[in-house]
Structures are given as structure tokens and as C-alpha cells.
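# Architecture at a glance
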Amino acid sequence: MPTALQLQREFANDLQVLLVDVQGDDIEGVERTKLEQGWMETGAMWTTVRPIRPVESGIPYAVMLDADGRVVLTGYVSRIKK
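Below: a short report on this structure. (Residues numbered from 1 in each chain as written. Predicted model: local features only at pLDDT ≥ 70, side-chain atom pairs only at ≥ 80, totals over all residues. Heavy atoms only, no water.)

## Quick notes on the side chain of Gln 8
- One can find Gln 8 in helix 1 (residues 2-10).
- If sequence neighbours within four positions are ignored, Gln 8 has contacts with Leu 15, Gln 16, Val 17, Thr 42, Gly 43 and Ala 44. (Helix = DSSP H or I, 4+ residues; strand = E, 2+ residues; numbered from the N terminus. Contact = heavy atoms within 4.5 Å.)

Dropping the structure here:
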């Protein structure tokens, strides 16, 4: 989470981070967690609805789309970061 939020801060004009809760929380729970963790200071968007189906299971999983909405990168965050 911290890495995604840092990317949103650094590239705010060129990047939109969408974080998806996949552990069954409702949007009110997500909002509560954001507040408790201090994650509200960025322009990151949050949802409980999966916009795509991941190729692999597990979290944290990332999907990068280009400006036209095409998937250009998918995978576990730890692998992508390397």
C-alpha cells in the first residue's frame, strides 16, 4: 500500500492509482481503514468492486493500464517492483 500511495503522490498528474479491497470489506470499512492508516492524503481511488479478473490469485496484485485502458503489466507487487 505505501508504495502505491507514494507513486500516486510522485506522479499525480500522470498516474491514477486505483486500490481494490478484495478481502470482503464494504466501502465504509475501506474508508475507515484509510482514515485509521492515514492513507487519505493522496488522489488514489478506492473501491470494493474488482474492475478486472486477475490472472493469478493472491495479494497484493497489480494491474497497469495505458492511457487507452489496455492492460500493459500484471503481477504481484513484489515481483513487479524488482
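On we go from here.
## A short note on helix 2 (residues 27-37)
- Residues Gly 29, Val 30 and Lys 34 constitute the buried set of helix 2. Angularly, the buried residues of helix 2 cover 140° about the axis, an arc narrow enough to put them on a single face. When the buried face of helix 2 is taken as reference, the exposed residues oriented beyond 90 degrees from it are Leu 35 and Glu 36.
- Buried-residue contacts for helix 2 involve strand 2 (45-47).
- Phi for Gly 38, located one or two positions after helix 2, is positive at around 75°. (Buried < 20%, exposed > 50% of the residue type's maximum accessible area, 1.4 Å probe, protein only. Arc of directions from axis to C-beta.)

## Observations regarding a nonpolar patch on the surface
- A contiguous nonpolar patch, built from Ile 52, Val 63, Leu 65 and Val 71 and spanning about 300 Å² of accessible area, is present on the exposed surface.
- Within the secondary structure layout, Val 71 lies in strand 4 (residues 71-76).
- Relative accessible area serves as the criterion here: at 48%, Val 71 is assigned to the partly exposed category. (Patch = residues over 30% accessible without salt bridge, like charges linked within 9 Å, V, L, I, M, F, W, Y side chains within 5 Å. Areas by Shrake-Rupley, 256 points an atom, 1.4 Å probe, with all protein chains shown as cover. Salt bridge = Lys/Arg side-chain N within 4 Å of Asp/Glu carboxyl O.)

## Focus on the environment of Lys 34
- Locating Lys 34 in the fold gives a position in helix 2.
- Counting along the chain gives 46 residues from Lys 34 to Ile 80, while the straight-line C-alpha distance between them is 24 Å.
- Among residues more than four places away in sequence, those in contact with Lys 34 are Trp 39, Met 40 and Trp 46.

Spatial relationships are all this shows, so hold off on functional conclusions.
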